[in-house]
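Geometric and topological summary
If you want the building blocks of each chain, they are given just below.
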Amino acid sequence: MTRPGTALWFAGTESRLAWRDLLWLVTAGERWRVRSVVFGVLIFVAVMHGIAWGLVGPFAGAAGHPDKQLLVVVTGTALLSWSVMLAQAMETVTRGLYARADLDLILSSPASARLCFAVRIAAMPVSIGLMTGLFAAPFIDVLAIRGGVHWLGAYAVVVGFALLAVAIALLLTMVLFATLGPRHTRLASQIVAAVIGAAFVILLQVAAILSYGNLSRTAFLESPALIAAAPGLHSAIWIPARALLGEAPALAIVVGGGLLAFGLAILVFARRFAEYATMAVAQNTTPSTRRQRADRFEAATPARVLRRKEWVLLARDPWLLSQSLMQLLYLAPPALFLWRSFGSGASSAGAAVLLVPVLVMAAGQLAGGLAWLAVSGEDAPDLIATAPILPSRVLRAKIEAVLGVILVVLAPFLVVLAWSAPFAAGIGALFVAIAAGTSTAVQLWFRAQARRSYFRRRQTSSRIATFAEALSSVGWAATSGFAAHGSWIALVPGLATALILVIVRSLSPAKTTRT
Amino acid sequence: MVCSPLRRRAERPESLSTMRFMTQNSSPSALVIHDLTKRFDRVAVDALDLEVRAGEFYALLGPNGAGKTTTLRMVAGLLTPDSGTISIFGIDARADPIAAKRVTAWLSEEPMIYDKLTPLEYLAFVAGLWEVAPQLAEARAHELLGWLGMAAHAQTRCEGFSKGMRQKVALAGALIHEPRLIILDEPLTGLDAASARQVKAALAERVQAGATVVMTTHILEVAERMADRIGIIAGGRLIAEGTLDALREQAGQIGGNLEDTFLALLAEGRDAS
């Protein structure tokens, strides 16, 4: 039995809580769902191994004597994955800092708060490593099966990357906290995480557009000019790539470096983390000193008042801001590509075909999140239900609020597109409306009243709704891509998406709670 | 001593909204519930009959699970009854819920407000839902917030507000459209003494201005001091009703406090059933 108050005891408690949290996240507290979740994971793992077999199998034998081209591609891919890990780490650290939960209990107990937070910080690379490992495992496994066991070293690289990501995320968050204070750090940190998560992909695409006039990251990484400009084979810059390719000295440097950075981060930041967490909680329980002036006492219909309230709340939602920023950042390269196509006088047909599905996908995803916040995430349902306004009118106003945001965000892209490719713009506008409408409808079919702050966990209310939202966005994006190209093949994904939606509608709860 | 801007307003000419209400049915009963029934996995409200007079402060008491909240949620339009009728100032609340909601306000134990809005923004929103004339709404909003001691926080977001501050914002929202019937479910639970006093004063002021208050509470001292009449509900049925003196007499507790009376009547009700 572990002695209470020790690091091991804290670790045991934390891991038990994390496990139950994960279980609740995937089963929403329903025991009977465990079997279907396990089945789903097995199917996912099998499918991912199949995909990995086709994608990376042919490269399994390349590890022996890597050339510069391979090192550039592997380094690029590694940086891409690591930037996503760093973004995740920023989110995890911020969540840890602002989670009230048991802080009062810990701080009022005689146990060491520093030790407790050190254990919590130590758990962060574990969760990030596991998440990345889950997606990387099929590729590593396939490479190991076809190329040899030295590929298994890539698992250690994932660990090293996770340690380094958390160490840097801690440093960045602590700097943000010291600079901006507890009230602004959460939003700033989420925005930084969104930018980091998208930045590398976007930079690669921008470089590809500016250099080669296309959106292909692979083409850029494999370009002779980049390879020629890259450092020599023995440069230290290739250490992460060499570690991934299974070279023992490089592997030791990556893992050792990660451990060292993380150890230093714990040593330096564990105490400060506890202090900042206390300040963050204190900020949550004291009124803001920030003055707001959006109170408009003006003659308006209740529907207009409702729409305005939704827009004010959406604009002040930090999670939504970071999510939306991410969506908008991903729209930047296609927008640049479009602009370059016009500027060079080249045919914009290719640009249009590329831009349309991106816009449609963004519309579907953005509408899903917004619709959840407006429809399910109503924080004062009793107030709305006791107001003298018909429930159908309330619902209509909320849908109008959601679609209004989509219109404002995506209309500029469609207008620019319409100048050079009116047909593609028309198709884009049509499918943007369809995708946004579909995602909103899915949220309506599966709505379950919840606090707005549960936004991050909205998928637990219905797995079907989550998958339906994602599948319909992808489906309508594919349909719009083919349709913008003038191809009748558009009918295939279009009909498939419609069929999926019919099935999903039939699975939705017969009686929904009225707002 | 509580200052009384609201009382002063009551003496001023009627607002547009109030005048509109006054031209409607001038029933002496604010609320008439007849044969009201609601069943979940068991019967929560069992053929309940209840009448609250206009301008009355009515306290609805009962043990946990007695059906108080379910009854009031049905009156507020938050739950649909299985059977029975609800009449609010002569308006059939089931047939014309919108008209009934125009004259009603609902406030629950857990104040539901928007963290990301300021109290003024929240009140502008609520006033908009009830279509209160903008100038009137703005003046009332400032008046209510000032009176509830919230003027200093009028333009700061509600996130970080204490339970008492949140409840006061919610109460201001409930009062901004000058409802004729105010329904409150345990509005004083968890409030500190100062906040509770401000809420009680606001309610007393509204009753003096002519509004009707129906409130559930577990704080018997509040019912004892504030209510004109008290109803005791158990098992979804009204087992006793009347003024405090009438209830004492019914319970054979002459000179006793409400707690003794309440417990005696509950025991009597259990024996009878």
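Structure: above.
Please read these numbers as outputs of a predicted model, since none were measured by experiment. (Residues numbered from 1 in each chain as written. Chains lettered and ligands numbered in written order. Predicted model: local features only at pLDDT ≥ 70, side-chain atom pairs only at ≥ 80, totals over all residues. Heavy atoms only, no water.)

1. A look at the overall build of chain B
We apply this condition: Counting from the N terminus, the helices are DSSP H or I runs at least four residues long and the strands are E runs at least two residues long. Relative accessibility thresholds used throughout: buried, under 20% of the residue-type maximum; exposed, over 50%; partly exposed, between the two (1.4 Å probe, protein chains only). Any pair of residues with heavy atoms lying within 4.5 Å of one another is described as a contacting pair. What sets the accessible areas is the Shrake-Rupley method with a 1.4 Å probe; for residues, cover comes only from the shown protein chains.
Each helix and strand counted, chain B has 11 helices and 10 strands in total. Here chain B holds 273 residues, and 58% of them are scored as buried. The long-range share in chain B, meaning contacts at least 24 apart out of those at least 6 apart in sequence, stands at 71%. For chain B, the accessible surface area stands at approximately 11,000 Å², while carbon and sulfur atoms represent 50% of it.

2. Focus on unusual backbone geometry
Residue and element names in this part refer to chain B. Residue Phe89 is not a glycine yet carries a positive backbone phi of 50°. With respect to the helices and strands, Phe89 occurs in the loop between β4 (83–88) and β5 (91–92). In the Ramachandran plot, Glu131 falls in the positive-phi region, its phi being about 55° despite a non-glycine side chain. Topologically, Glu131 is positioned in the loop between α5 (119–129) and α6 (134–147). A relative accessible area of 41% places Glu131 in the partly exposed class.

3. Things to note about the packing of helix α7 (residues 163–175) of chain B against helix α8 (residues 193–208) of chain B
All names here are of chain B. So the rule is basically this: Where helices are involved, their axes are fitted lines through C-alpha atoms of the stretch in contact, as for all axes, and angles between N-to-C directions lie from 0 to 180°. If an angle is under 35 degrees, it is roughly parallel; if it is over 145, roughly antiparallel; if it lies from 65 to 115, roughly perpendicular; otherwise it is oblique. Amino acids are sorted into nonpolar (Ala, Val, Leu, Ile, Met, Phe, Trp, Tyr, Cys and Pro), charged (Asp, Glu, Lys and Arg) and polar (every other residue, Gly among them).
Packing of α7 against α8 leaves a shortest axis separation of 10 Å and a crossing angle of 10°. In terms of their interaxial angle, α7 and α8 are classed as roughly parallel. Only Ser195, Gln198, Val199, Ala202, Leu203 and Arg206 of α8 make contact with α7, whose side of the interface consists of Gly164, Lys168, Leu171 and Leu175. Its residues assigned to classes, the contact of α7 with α8 shows five nonpolar, three polar and two charged.

4. Thoughts on a nonpolar patch on the surface
All names here are of chain A. Defined as follows: Residues enter a patch when their relative accessible area is above 30% and they make no salt bridge; the linking distance is 9 Å between like charges and 5 Å between nonpolar side chains (Val, Leu, Ile, Met, Phe, Trp, Tyr). In what follows, salt bridge is the name for a side-chain nitrogen of Lys or Arg lying within 4 Å of a carboxyl oxygen of Asp or Glu.
Where nonpolar side chains cluster on the molecular surface, the patch consists of Trp19, Leu22, Leu23, Val34, Val38 and Leu42 and spans about 550 Å² of accessible area. Take Leu42: it is sitting in helix α2 (residues 33–56). Overall, Leu42 belongs to the exposed group, its relative accessible area being 55%.

5. Observations regarding the environment of A:Gly129
Residues and elements named next belong to chain A. By the element assignment, Gly129 lies in helix α5 (residues 113–147). Residues Gly129 and Gln69, spaced 60 residues apart in sequence, show a C-alpha to C-alpha distance of 27 Å. Not counting chain neighbours up to four residues away, the residues in contact with Gly129 comprise Val158 and Ala162.

6. Considerations on the sheet that holds strand β1 (residues 29–39) of chain B
Residue and element names in this part refer to chain B. How we decide: Each pair of strands is called paired provided DSSP finds at least two bridges between the two strands.
A sheet is described by the order of its strands in space; here four strands give the open sequence β2-β1-β4-β5, paired in antiparallel fashion. Looking at the sheet topology across the chains shown, the edges are occupied by β2 (43–53) and β5. Helix-sheet contacts for helix α3 (residues 68–75) involve β1, β2 and β4, and the interaxial angle to β1 is about 120°.

7. Focus: the packing of aromatic side chains
Two measures describe an aromatic ring pair: the distance that separates the ring centres and the angle between the ring planes. Rules: Ring pairs are drawn from Phe, Tyr and Trp, using the six-membered ring of Trp, whenever the two centres fall within 6.5 Å, and their geometry is named by plane angle: stacked under 30 degrees, edge-to-face over 60, tilted for the rest. To sit over a ring, a charge needs its Lys NZ or Arg CZ within 6 Å of the ring centre and within 35 degrees of the ring normal.
According to the stated counting rule, one finds eight aromatic pairs over all chains in the structure shown. Measuring from ring centre to ring centre gives 5.7 Å for B:Tyr114 and B:Phe125, while their planes differ by 75°; the resulting arrangement is edge-to-face. A residue pair is termed long-range when its members are at least 10 positions apart, and B:Tyr114 in the loop between β6 (104–107) and α5 and B:Phe125 in helix α5 qualify at 11 residues. A relative accessible area of 1% places B:Tyr114 in the buried class. Through successive ring pairs, a cluster of aromatic residues spans A:Tyr98, A:Phe177 and A:Tyr276. Between the NZ or CZ atom of A:Arg120 and the centre of the ring of A:Phe117, over which it lies, the distance is 5.8 Å.

8. Quick word on the interface of chain B and chain A
Here is the rule: Here the quantity called buried area is the accessible surface, traced with a 1.4 Å probe, that two parts lose on coming together, added over both. We define a polar contact as two N or O atoms separated by no more than 3.5 Å, with the added condition that, inside protein, one atom must be a possible hydrogen donor and the other a possible acceptor, whereas residues neighbouring each other in sequence contribute only through side-chain atom pairs.
Contacts between the two partners involve 40 residues from chain B and, on the opposite side, 39 residues from chain A. Between chain B and chain A the total buried area reaches about 3,600 Å² when both faces are included, carbon and sulfur atoms providing 63% of it. Connecting chain B to chain A are two salt bridges. With its nearest N and O atoms 2.7 Å apart, the salt bridge here joins A:Arg316 to B:Glu121. Viewed at the interface, chain A and chain B are joined by seven residue pairs in polar contact (both at pLDDT 80 or more).

9. So, the packing of α2(A) against α5(A)
Residues and elements named next belong to chain A. For clarity, the cut-off: The sense of a crossing depends on the near helix, which, turned anticlockwise from the far helix by less than a right angle, makes the crossing left-handed and, turned clockwise, makes it right-handed.
At their nearest, the axes of α2 and α5 sit 8 Å apart, and the two run at 55° to each other. Viewed along their axes, α2 and α5 adopt a mutual orientation that is oblique. Where α2 crosses over α5, the handedness of that crossing is right-handed. Touching Phe44, Met48, His49, Ala52, Trp53, Leu55 and Val56 of α2 are Phe135, Ala137, Pro138, Phe139, Asp141, Val142, Leu143, Ile145 and Arg146, all from α5.

10. Comments concerning the environment of A:Leu80
Residues and elements named next belong to chain A. Note that Leu80 resides in helix α3 (residues 68–98). For the pair formed by Leu80 and Val255, sequence separation is 175 residues and the distance between their alpha carbons is 18 Å. With sequence-adjacent residues up to four places away left out, Leu80 is seen in contact with Phe200 and Val201.

11. A word on the sheet that holds strand β10 (residues 237–242) of chain B
Residue and element names in this part refer to chain B. Ordered in space as β6-β7-β8-β3-β9-β10, the six strands form an open sheet in which the pairing is mixed. Across the chains shown, the open sheet's two edge strands, defined by having one partner strand only, are β6 and β10. Averaged over all neighbouring strand pairs, the angle between strand axes comes to 15°, with direction disregarded. Bridge analysis of β6 against strand β7 (residues 181–185) gives four bridges, and the strand direction is parallel. Considered in β7, the bridge of Thr104 is made with Leu181. Of the strands in this sheet, β3 (57–61), β6, β7, β8 (212–216) and β9 (229–234) are in contact with α3, which crosses β7 at around 145°. Docked against the sheet, α7 engages β6 and β7, running at close to 170° with respect to β6.

12. Some words on the pairing of β4(B)
Residue and element names in this part refer to chain B. The two faces of β4 differ: Gly84, Ile86 and Ile88 on one face are buried, but Ser83, Thr85 and Ser87 on the other face are not. As paired strands, β1 and β4 are joined by five bridges and run antiparallel to one another. Among the inter-strand pairings, Leu31 is bridged to a residue of β4, identified as Ile88. With two bridges joining them, β4 and β5 adopt antiparallel strand pairing. Bridge pairing links Ser87 to Asp92 in β5. Here β4 folds back onto β5 in antiparallel fashion, the turn holding two residues, of which Phe89 has a positive phi close to 50°.

13. A few points about the pairing of β10(B)
Residues and elements named next belong to chain B. The pairing of β9 with β10 spans five bridges and is classified as antiparallel. Residue pairing for β10: Ile230 is matched across the bridge by Gly242. A loop of two residues connects β9 with β10, the two strands running antiparallel in sequence, and Gly235 in this loop sits at a positive phi of about 60°.

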